[in-house]
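Residues per chain, in single letters:
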Amino acid sequence: MLLSLIVLLPVVGAVLALVAGGRGERPDREPLVRAIALGTSLVVFAATLFLWWRFDPALADYQFVEKRAWMPAFGIEYHVGVDGISLLLIVLTGFLTPLALLSSWESVHKSVKAFSFFVLGLEAAMIGVFVSIDLFLFYVFWDAMLIPMYFLIGIWGYERRVYAAVKFILYTMAGSVLMLVAIIGLAWAYKEANGAPTFNLLALHGLTLTDQMESWFFLAFTLAFAIKVPLFPFHTWLPDAHVEAPTAGSVILAGVLLKMGTYGLLRFAFPLFPGAASSFAPVLAFLAVVGIVYGALVAMVQPDLKKLVAYSSVSHLGFVVLGLSAMNVQGVQGAVYQMLAHGVSTGGLFLIVGMLSDRRHTRLISEFGGLKGVAPRFVAAFLLVTLSSIALPGLNGFVGEFLILVGAFRWSPRLTVIAATGVILSAVYMLWMFQRVNYGPVTEKNRDMKDLTPREWAVLVPTIAIAILMGVAPGLFLKPMEPSVVKVIDRVNGSQPARVENREPRPFDRAQGRPEPVEGRPAAGEPPTANSEQRVR
Amino acid sequence: MTPYIAIIPIVAVMLSACASMIAEALRHPGERMPMAFFGLIGLVGAAVASVLMWDADAQSFGVVRSDNFALFINIVLCVVGVLTMLFSDEIVERENLPSGEYYALTLFAISGMMLMAAATDLLVIFLALEILSLSVYVLTGIRRASAAGAEAAFKYFLLGAFSSAFFLYGVAFAFAISGSTRLDEIGKALSSAGTGAPETMALLAVGLLAVGFAFKVSAVPFHMWTPDAYEGAPTIVTAFMSTGVKAAAFAAFVRVFLAPLEPLKDQWIPVLTVIAAATMILGTVVGVVQTNIKRMLAYSSIAHAGYLLLGIVATTDTGKAAVLFYLLAYAVSNLGALGIVALLGTSQHPHDELRDFAGLWRSRPGLAGLMTVFLLSLGGFPPLAGFIGKWYIFSAAVERGHYWLAIIGVLTSVVSVFFYLRIVVMMYMTEGTEIARPRVPLAAAAALALATAGVFYLGILPARIIDLARASIATIL
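Rules used throughout
Residues numbered from 1 in each chain as written. Chains lettered and ligands numbered in written order. Predicted model: local features only at pLDDT ≥ 70, side-chain atom pairs only at ≥ 80, totals over all residues. Helix = DSSP H or I, 4+ residues; strand = E, 2+ residues; numbered from the N terminus. Buried ≥ 20, exposed ≤ 12 C-beta atoms within 10 Å, placed from the backbone. Contact = placed C-beta atoms within 7 Å. pLDDT = per-residue confidence, 0-100. Nonpolar A, V, L, I, M, F, W, Y, C, P; charged D, E, K, R; others polar. Axes fitted to C-alpha atoms, helices over the stretch in contact; angles between N-to-C directions. Parallel < 35°, antiparallel > 145°, perpendicular 65-115°, else oblique. Left-handed = near helix turned anticlockwise from the far one by under 90°. Pairing = 2+ DSSP bridges. Arc of directions from axis to C-beta. Core = buried A, V, L, I, M, F, W, Y, C linked by C-beta atoms within 7 Å.

Along its length, chain A carries 21 helices and two strands. Principal-axis analysis of the C-alpha atoms gives chain A an extent of 75 × 50 × 40 Å. Across the 537 residues that make up chain A, the buried fraction comes to 59%. Restricting the contact set of chain A to residue pairs at least 6 apart, pairs at least 24 apart contribute 79%.

The following block contains the structure:
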C-alpha cells in the first residue's frame, strides 16, 4: 500500500490545490493553494523517508511489492515495487519537489493553482516511473510525465517558452514511441515462447530472443533513454528546455527527469537485452565520453547561466552513462550515486540561478559581478553548491565521479583518461563562472542585491546539508543500493565470461566486512553459463 | 416475434426518428419541441435492447445478424448518438437549423449505421450504406443559406455516389462468382475455390468493394471529400459523422473483409498495407499545416482511419477487437473535442479557426481543460482512451510482424501530437482578444461530463471494455 500511497498522494494534493484555487484568478486564495501544495509535497517526502527507513538494505529483490491485475487479457498488471536502485531516486524526487515549489514562491504568480497542479502531477508520474515493474505501467507513467512538464515550460517559462515546450515534448516522445513498439514486440515474443503475453519485467528477464531482435529492441529502448539522459548527440532539446523552463521546472528536469534516462538504461535496456548491451556498450561509452568533453567545452563559453548549467548536465550525465557501460560494481554504483549527487547539486545550481534571475531578471553572466561584497551569505551558499557540482572531495559529486572513473578504468582505460579531463574542465567552467559572477568590482545594477531571505535559507540549507552528507558518509547511500546493483550486473554479465574478472567487488568505501555477494561466479575463461548457451542457439 | 428480434435496436432508433418528423409536422411556428429528447429515448432504448440481446446472437430474415459484434457497434453508435443529441439541443436552436429535419436525419443515419453493422448480406449493407449516406449528405448541407455548406454537401454527394457505384459493382462481381450476395455463401464459394490463383472476377470484387469502403472511411487516396465536407458542415454534424460513419463503415469493412474475403487475404493485405501507411502519413503531415480546427480534425480523422486499417491488415482476433475498442475511444474523444468547438460557435462566428482559441484558458478554464483532455486523448497520451486504443492497434500490428506499419503509426502519432498541441498552445500560451463566447447549456455540460468520464474510464480501467470487445468477435471468423 505504501507505494501506491506515495504515487497517489501527489495526485490528491494536485486536485485539492486545483479545487482550492476557486474559479478564475483568485489572488486571495494563493496562500491556501501554496500551503496545500507544499504540505502535500512534504508529506510525500516524509513518506519516501519512511520507505527508506523500512527498506531492508540486505535484499536485492523488489520490496513493498504490490501486484494487481489490470488488463489480464494481455498480462498487464499494476505491479510496483522498489529495490536499492529506485529507492533513493524516489527519495530524491520527494526531496526536490518541495524545494521546487518553495523556489517559485515569489516568481510564480500566474495561476498558482494550475502551477501546483502540474508540479504535483509531475511528481506522481515521476515516482510512478521509478516504482513500475510492469513495462506497460512504466510506459504509461513515462509518457504521462511529459504533459505536466510541457505545461510548466510552456506557461510559466521565459521568452521562447512555447518553442522550448513543443520541442521538449516532440523530441522526447519521438524516442519513446519506438520503445513502445519494442515493449509490444517483447510481450508478443514472450507469448510465442510461453503461450501468454506478459509485460512483467521479471518474467521477461527469462526470455531469449534472436540476436537480431535483441539488437533492435535494445536500440529502441536505448534511443528513448538516450534522448532523456541526454546522451550526445541527442541532447539538443535540453538547453532549450532548461533555459526556458521556470526555476521549478529546471530543478525537476535536471534533478529527476534526466535520471529517468539513465535509470531506464540500468533497469530495462541493459538487463532485458544483455547480449546487445554488451556489444553496444563501447558505442554508448564513446558517446558518453564525447558528451562529457563536448558538454564541458560548450558550457565554458555560455554567456547565460542557465545554459551553462544545462550543458554541465550533459557533461555530468555522460559520466553516469560511462559508469553504466562499464557494468562493474564500482561503475554502476558510481553511476547511481552520481545520479543522486547530480540531482542535488544541479538542482541546487538551478535554485541559485533562479534566485539571481528573480532579483535581476536576467541570467547573463556579464550582467553580474562583485556579488561577494553585496550578498555574502548568498555567495557562500553559491560556492558550496558550485564545489559540489565540481566534485570536490568531501562533497557529493566526488564520490560518484570517482567510483565511475575507477570502474570505467578497469574496463577501458583509454576512454577513462579522456573522460577524466571532464573533471578538470568542470572545475574550469564552474569556477570561471563563479569568479565572473561573484568577484571583481560591484557593478551599479548589483549594488542593491538582497541577501538570502528566510525562504531561500529553507531551500538552500537542506540542499547543501545533503550535499555534505553524501560527501562524507557515502556508505549510508551506497549500502542499500549495493545488493540490487550486484544483481543487475550479474544479470547483464551472466552471458559474458570475458568480463567476469572485472566484477570482483572492491567498493572503496566499505570496510564492514560483509560477505561478498558475488561469490561462486564463473571465473574468466570458463565455459559460458547456461544463459549464454540459450542465447547462442 | 422471433424473426424480428435482431432489428429491435434499429427499429427503436427509426421510431424516434419518425417521432421527430411527426413532431415537426405538428409544431406551431416558433414553438419549441423537445426533439432531442425523443432521440434520447430511442437511443437509450436501443442501447438497453443491445445490452439485453448480448450473447443471444439473434438473426432476422437471414440477412441481419445481431451478434455481439453488431451489438458492440450499436453501443458505440448509441454513445455517439446520445452525445450528439445532448450537444444539439442548444446548438440547433442557436444556429437556426431546421430542427425536425435535423433530428430525423441524424436518427435515420444512426439506424442506417446500426443496420450496416448487423447486415450479413452485401445488398443489405448497400441499403444501409445508402440510408446513412443520404441522411449525412443532407445534414452536411443543412444550413441552406451557407454557400460553403452547399458546396460541401454537393462534393460529398457526388463522390459518395461514385463510391456507392463502385461498391455495387463489387457486389455484382461477388454475386457472379458465388451466385449469392450473402456473406456466408460468398465465403464458402471463395474458400472452396482451392489454393490456386484466384479468379479475376474474385479479385475485381475485392478491389471494388475495398474502394467503396475506403471512400466511406476516408482512406487515402479516396479521402478528398473529407476536409471539405467536414469544414462545410455545421460543426455538430462534423462531430457526428466523423465518429458515427467511421464506426459503421469499419464495422462492415471488418465483417466483409475478415470473414468471407479472408481466403483472398494474400491479395488484399499488401494493398491495404500501402493504403494504411499512406493514410496515416498523409493525414498527419497535411494536418500539420491546417489553421482551421475542423479541417485539422478532418485530417486527424483521416489519420485515425489509417490506424484503424492496421487492425484490419493484422487479420487477427487482436486486430478485430482493437478496431472495436479504437472506434469507441475515438468516438468519445473526437465528439468531445468537436462538441466543444460547436459549443463555442454561434451563427455569426463559427469559432473554428485556430486563432479563435487564443486565450481560451483565461476566459473559459473549464472548457480549455476539457478540450486539452480530448486532444491529448486523440494524440494518444496516457492515461486517456486514445492511448489504450493506439496501443491495442499497434499491438495487433506487431503481433503479425508488421513492425514497419507500427513504426509508421507511432511516428505519425508524434507528428499528430504537434498539431493537437498547436490548439493547446493557442488556448494556454497565447494571449487572445476577448470574444463573446456563448455559455454552455446544461445538456451539453452533461455530454461533456459523459465524454470526459468515458475518456478517463477507457484510459485507466479499460479491462472490461477490452474483454467485451474480445467477446464480440467470435462470430467474425
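All right, on to the overall build of chain B then. When helices and strands are counted, chain B shows 19 helices and two strands. Counting all 477 residues of chain B, 63% fall into the buried class. Taking the contacts inside chain B whose residues are at least 6 apart along the sequence as the reference set, 82% of them involve residues at least 24 apart.

Turning our eyes to something else, we now look at the confidence of the model for chain B. Looking at chain B, the pLDDT average stands at 90 and 99% of residues meet or exceed 70. Ranking the elements of chain B by mean pLDDT puts helix α14 (residues 360-363) of chain B last, at 85, and helix α5 (residues 122-140) of chain B first, at 94.

With 24 residues of chain A at the interface, the matching set in chain B holds 26 residues. Those elements giving two or more residues to the side of chain A that touches chain B turn out to be β1 (63-71), α5 (135-144), α6 (146-156) and α7 (161-194) of chain A. If you tally residues by element for the side of chain A that touches chain B, the top one is α7 of chain A, at 13 residues. Across the side of chain A that touches chain B, the residue classes tally to 21 nonpolar, two polar and one charged.

For the rest of this paragraph, the subject is the packing of helix α11 (residues 265-288) of chain B against helix α12 (residues 293-314) of chain B. Residues and elements named next belong to chain B. Relative orientation of the contacting elements α11 and α12 amounts to 155 degrees, with a least axis distance of 8 Å. In terms of orientation, α11 lies roughly antiparallel with respect to α12. The chirality of how α11 crosses α12 is left-handed. Residues I269, L272, T273, I275, A276, T279, M280, L282, G283, T284, V286 and G287 of α11 lie in contact with α12, whose contacting residues are M296, Y299, S300, I302, A303, A305, G306, Y307, L309, L310, I312 and V313. Within the contact of α11 with α12, the residues separate by chemical class into 17 nonpolar, seven polar and no charged.

What follows covers the packing of helix α8 (residues 200-216) of chain B against helix α10 (residues 235-257) of chain B. Residues and elements named next belong to chain B. Where α8 meets α10, the closest approach of the two axes is 9 Å, and the angle between their N-to-C directions is 160 degrees. One element, α8, and the other, α10, form an angle in the roughly antiparallel class. Between α8 and α10 lies a crossing whose hand is left-handed. Here L209, F213 and K216 of α8 lie close against α10, whose contacting residues are V245, A249, A252, F253 and V256. For the contact of α8 with α10, the per-class residue count stands at seven nonpolar, no polar and one charged.

It is worth spelling out unusual backbone geometry at this point. In this structure, the amide linkage connecting F232 of chain A to the following residue, P233 of chain A, adopts the cis form with an omega of 0 degrees. Cis peptide bonds are those with omega within 30 degrees of zero, and the linkage from V220 of chain B to P221 of chain B qualifies with 5 degrees. Its location among the elements puts P221 of chain B in the loop between α8 and α9 (225-232). The residue N96 of chain B is not glycine, and still its phi comes out positive at about 60 degrees. The topology assignment puts N96 of chain B in the loop between α3 (68-94) and α4 (99-118). Phi angles above zero are rare outside glycine, and T315 of chain B is one such case at about 50 degrees. Among the secondary structure elements, T315 of chain B is positioned in the loop between α12 and α13 (317-344). Classification of T315 of chain B by C-beta neighbours within 10 Å gives partly exposed; the count is 18.

This paragraph deals with the confidence of the model for chain A. As a note on interpretation, predicted positions should not be read in detail where pLDDT is low. All names here are of chain A. Confidence along chain A averages 85 in pLDDT terms, with 92% of residues attaining 70 or more. Element-level mean pLDDT values for chain A span from 38 in helix α21 (residues 530-536) up to 93 in α5. Counting interchain partners and residues more than four positions distant, the pLDDT-below-50 stretch residues 496-537 has 51 contacts.

Below, the discussion takes up the pairing of β1 of chain A. Residue and element names in this part refer to chain A. By the bridge criterion, six bridges tie β1 to strand β2 (residues 76-82) in an arrangement that is antiparallel. Looking at β2, one finds that E66 is bridged to V80. Hairpin remark: β1 followed by β2, antiparallel, with four residues in the connecting loop; positive phi at G75, about 65 degrees.

The next subject is helix α7 (residues 183-191) of chain B. Residues and elements named next belong to chain B. Every buried residue of α7 is listed here: L183, I186 and L190. Buried residues of α7 fall within an arc of 65 degrees about the axis and therefore sit on the same side. Turning to α7, the residues buried within the fold contact α5, α6 (147-178), α8 and α10.

So, on to the nonpolar core. V181 and I183 of chain A together with V76, M116, A247, F325 and Y326 of chain B are the most contacted members of the largest nonpolar core, which totals 408 residues. In contact with I183 of chain A, other than residues within four places in its own chain, are L135, F136, Y139 and F199 of chain A.

Its location among the elements puts G318 of chain A in helix α13 (residues 305-326). Taking the C-alpha atoms as reference points, G318 of chain A and S484 of chain A, separated by 166 residues in sequence, lie 22 Å from one another.

Let's shift gears to the environment of S300 of chain B. Residues and elements named next belong to chain B. Looking at where S300 falls in the secondary structure, it is placed in helix α12. Measuring from C-alpha to C-alpha, the distance between S300 and F213 comes to 18 Å, with 87 residues separating the pair along the chain. In contact with S300, not counting residues within four places along its chain, are G283, G287, L378 and S416.

Here the focus is the environment of L209 of chain B. Residues and elements named next belong to chain B. Tracing the backbone through its elements, the reader meets L209 in helix α8. A tally of 26 C-beta atoms within 10 Å means that L209 is categorised as buried. For the pair L209 and F166, spaced 43 residues apart in sequence, the C-alpha to C-alpha distance is 6.9 Å. Filtering out sequence-adjacent residues up to four positions away, L209 remains in contact with F167, G170 and V256.

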